[in-house]
Structure formats: C-alpha cells, structure tokens
Amino acid sequence: LCFGPSVTGPAAYILMVLAPLLAAVAAFRRGRSHASSYVRSSWYAISWSLAIWTLGAFANLWQAMVLHSPDEVPRWAMLAFNLAVVPTTFMLASDWQLRGRQLLRAVDALAALALGYAYFLYTWHTMTGHAGLTDAGVIDVAWLLDLQNLYLAAAGWARWYAAEDRDERDLFRTYAVYKLLYLVIVLVNDHVFAPNPAYGPEYGTIVTLAFAVLAGFALRAPSTSPVRAVSPLTVNAVRSGSPILLALALLAASLFLIRVDYDWGCAGILIAVLGLGVRTTLLQVLQRARGEALQRETSALKTIAWTDALTGMQNRRSFERKV
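Please read these numbers as outputs of a predicted model, since none were measured by experiment.

Scoring rules and cut-offs
- Residues numbered from 1 in each chain as written.
- Predicted model: local features only at pLDDT ≥ 70, side-chain atom pairs only at ≥ 80, totals over all residues.
- Heavy atoms only, no water.
- pLDDT = per-residue confidence, 0-100.
- Helix = DSSP H or I, 4+ residues; strand = E, 2+ residues; numbered from the N terminus.
- Patch = residues over 30% accessible without salt bridge, like charges linked within 9 Å, V, L, I, M, F, W, Y side chains within 5 Å.
- Areas by Shrake-Rupley, 256 points an atom, 1.4 Å probe, with all protein chains shown as cover.
- Salt bridge = Lys/Arg side-chain N within 4 Å of Asp/Glu carboxyl O.
- Buried < 20%, exposed > 50% of the residue type's maximum accessible area, 1.4 Å probe, protein only.
- Core = buried A, V, L, I, M, F, W, Y, C linked by side-chain atoms within 4.5 Å.
- Contact = heavy atoms within 4.5 Å.
- Axes fitted to C-alpha atoms, helices over the stretch in contact; angles between N-to-C directions.
- Parallel < 35°, antiparallel > 145°, perpendicular 65-115°, else oblique.
- Left-handed = near helix turned anticlockwise from the far one by under 90°.

Chemist: Please clarify how the confidence of the model for the protein chain should be interpreted in this entry.
Modeler: Close reading of the predicted structure is inappropriate where its pLDDT is low. When pLDDT is averaged along the protein chain, the result is 85; 87% of the residues meet or exceed 70. Across the protein chain, the secondary-structure element scoring lowest on mean pLDDT is helix H11 (residues 316-322), at 63, and the one scoring highest is helix H8 (residues 208-219), at 95.

Put into structure tokens, the structure is as follows:
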C-alpha cells in the first residue's frame with residue numbers, strides 16, 4: 001500500500017483513497033470473525049473510522065482532479081477527517097463492561113460525536129480565520145491534529161495495557177501501533193514535508209504505510225500467546241477514567257471553540273457537563289440496584305441454608321445461629 005514519493009499526480013490521490021479503504025475492509029473482515037460482541041463492534045468501529053477517512057481523501061481527490069484546485073482544502077474533507085476519529089474515540093472511551101446498558105453507551109457516543117465536531121469547527125476556523133486560508137492557520141491546525149493524534153494514541157496504548165482478554169489485547173495492540181505510526185508520519189509530513197517546497201504533495205502518501213500496518217495486523221491470525229495478569233486497580237482505573245477523559249477533552253475543546261463560535265461552544269460544554277453528570281448518576285443507580293440484588297440473593301441463600309428441605313422448618317444450623 002505504501003509507495004511514498006514514487007507516486008505522483010493522480011496516482012497519489014487514488015492511492016490515498018484506496019489504502020484506507022482496503023484497511024477498512026480488513027478491519028471489517030476481522031470483526032466478523034469474533035464471537036464477542038464488544039470486540040466485534042470495536043473492529044467495526046475501526047472500519048467505520050477508516051471508511052470516513054476515505055471520504056475525506058476522496059474529497060481531496062475531487063478537489064484536485066475534477067475541480068483542478070489542489071491548493072484548496074474542501075470544508076467537507078476537513079469535516080470527514082475530524083469525524084473519522086469519532087468511532088474510535090467512542091471505542092476507546094466506552095467501558096467494555098457496559099454490554100446491554102445502551103443509555104450509558106449513548107451518552108459516550110454523543111460525547112465522542114460532539115468532540116469530533118467541536119474539533120472540526122475550531123480547526124476550520126483556525127485555518128481559515130476571517131480572511132480565507134492562511135499559512136499561520138495551517139501551521140496551527142497541524143499542531144492541533146498532532147494533539148488529537150497524541151490523545152488517541154495514548155488512549156489506545158492505555159487500553160492495550162489494561163486489556164484482560166486475548167482478543168481485546170489483539171484489538172488494542174493493533175490500534176495502538178497503527179495510531180502511533182500514524183502520529184509520527186503525520187507529524188513529519190505536516191512539519192517537514194508540507195512546509196518545504198522541495199517536497200511535493202506526493203510525499204503525503206507515506207501515511208499509507210500506517211494503513212498497511214493496520215491491515216497487516218487485522219489480517220494476521222489471532223494471537224495464541226498467554227495473556228499476562230493485569231492489576232485490578234489498573235483495569236478499574238482505565239475503565240473509570242476513559243469516559244471521564246472523553247468528557248474533559250470535550251470540555252477543553254468547547255472552551256477553545258466558544259471564543260470563535262459561541263453557540264456551538266456552549267453546546268459542547270453543556271454536553272460535556274450534563275453527559276458526565278447523567279453517566280455518573282446512571283452508574284450509581286446501577287451500582288445500587290446490583291447491591292440490592294446481591295443482598296436479596298444472600299438472604300435467599302441464608303433462608304435455604306437454615307431451612308430443612310423435607311419439612312420446611314428451621315434446621316439445626318438455624319438454631320446454632322441464634323445461640
């Protein structure tokens with residue numbers, strides 16, 4: 001998938017569309033092979049993320065090859081690139097033990113979507129300002145994208161470290177390695193290749209290396225190596241902290257956004273605060289319901305233990321308890 005600077009002209013744009021698309025197919029195929037609903041849906045999230053990224057690459061292709069304006073950045077291409085992180089942000093932030101708790105997952109999904117859109121609005125305004133595309137704005141956006149990629153890469157490595165199941169470790173190892181490689185390649189491209197006229201736009205195709213690595217991991221056979229034990233404290237910290245970090249990221253992005261787009265910035269702050277509050281309340285309700293259910297089960301077991309099965313009367317164990 002990666003040809004780097006040897007690919008020029010239309011071939012470079014076509015490669016930038018095909019590479020993430022093929023990686024998306026590989027991730028989708030890997031997801032179909034899993035019986036675990038969480039692991040399967042997470043591979044699907046990676047596939048959706050790559051598919052949306054492909055739409056952004058196609059927008060750039062259309063702008064360059066059909067509209068003949070390769071130096072202009074289409075708004076919907078930037079939107080696609082920012083929304084491409086929404087499925088994987090949701091995958092990383094949502095607690096993998098929330099199977100069946102659709103309301104909690106809906107809160108996480110809304111926060112991930114709001115974060116992606118808030119990031120798009122702020123980066124687009126930073127890049128264009130009020131006087132069209134500016135070089136200073138492009139540089140600022142490059143650093144913002146680096147920050148976004150760093151956040152996702154760190155979250156991926158944390159989820160990999162805290163994974164208790166072999167399939168989950170394969171999943172998050174794939175994503176963490178891919179995202180770290182993607183971070184490094186995009187950083188070099190945006191800060192070394194892009195500002196230097198000596199390097200043409202074809203150098204941007206080196207990002208296909210990251211998609212090739214992801215596809216390679218997705219297509220390889222599942223790991224059979226034993227899973228190392230993970231501290232319960234670490235697992236609980238990652239489980240509890242992931243959605244909180246998502247809310248904090250949305251809050252921070254919205255606070256920056258409010259300076260350039262007051263309405264959407266306020267909406268983001270509202271979603272972050274209310275979402276975290278709703279999520280905390282729901283978890284407390286579920287925890288209390290679980291505690292009450294355990295108490296009822298304990299009482300029922302005690303009754304069985306203290307009652308004679310044949311006569312239905314209290315047995316010797318019950319009398320010994322009262323002594």
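Chemist: What am I meant to see in a nonpolar patch on the surface here?
Modeler: A cluster of nonpolar side chains, namely Ile14, Leu18, Leu21, Leu22, Val25, Phe58, Trp62, Met65, Val66, Leu67 and Trp76, defines an oily patch on the protein surface of about 980 Å² accessible area. Among the secondary structure elements, those contributing two or more residues to the nonpolar patch are helix H1 (10-32) and helix H2 (37-66). The element that contributes the greatest number of residues to the nonpolar patch is H1, accounting for five residues. Summarising the element assignment, Val66 is placed in helix H2.

Chemist: Help me understand unusual backbone geometry, please; the structure alone is not making it clear to me.
Modeler: One non-glycine residue, His68, lies in positive phi territory at about 55°. Take His68: it is sitting in the loop between H2 and helix H3 (75-83). Under the relative-accessibility criterion, His68 is labelled exposed at 61%.

Chemist: Could you clarify how one ought to interpret the nonpolar core in this entry?
Modeler: In globular proteins that are soluble, nonpolar side chains generally tend to be buried together. In this structure, Ile46, Met91 and Phe211 are the most contacted members of the largest nonpolar core, which totals 40 residues. Those elements that place two or more of their residues in this core are H1, H2, helix H4 (86-93), helix H6 (135-162), helix H7 (166-193) and H8. The greatest single-element share of this core, amounting to ten residues, is contributed by H2. Residues in contact with Ile46, not counting those within four places in the same chain, are Ala27, Thr88, Met91, Leu171, Tyr175 and Leu214. Counting residues in hydrophobic clusters, the runner-up holds 19 residues, among them Ala111, Tyr119, Leu144 and Ala253.

Chemist: What's the story with the packing of helix H5 (residues 102-128) against helix H10 (residues 262-305) in this structure? I'm lost.
Modeler: Working note: a packed helix pair is described by the angle between its axes plus the distance between those axes. Viewed as axis vectors pointing N to C, H5 and H10 meet at an angle of 160°, and their least axial separation amounts to 10 Å. Taken together, the axes of H5 and H10 are roughly antiparallel relative to one another. The handedness of the crossing between H5 and H10 is left-handed. Residue-level contacts link Leu103, Leu104, Val107, Asp108, Leu110, Ala111, Ala114, Tyr117 and Leu121 of H5 to Trp264, Ile271, Gly275, Val278, Arg279, Leu282, Leu283 and Leu286 of H10.

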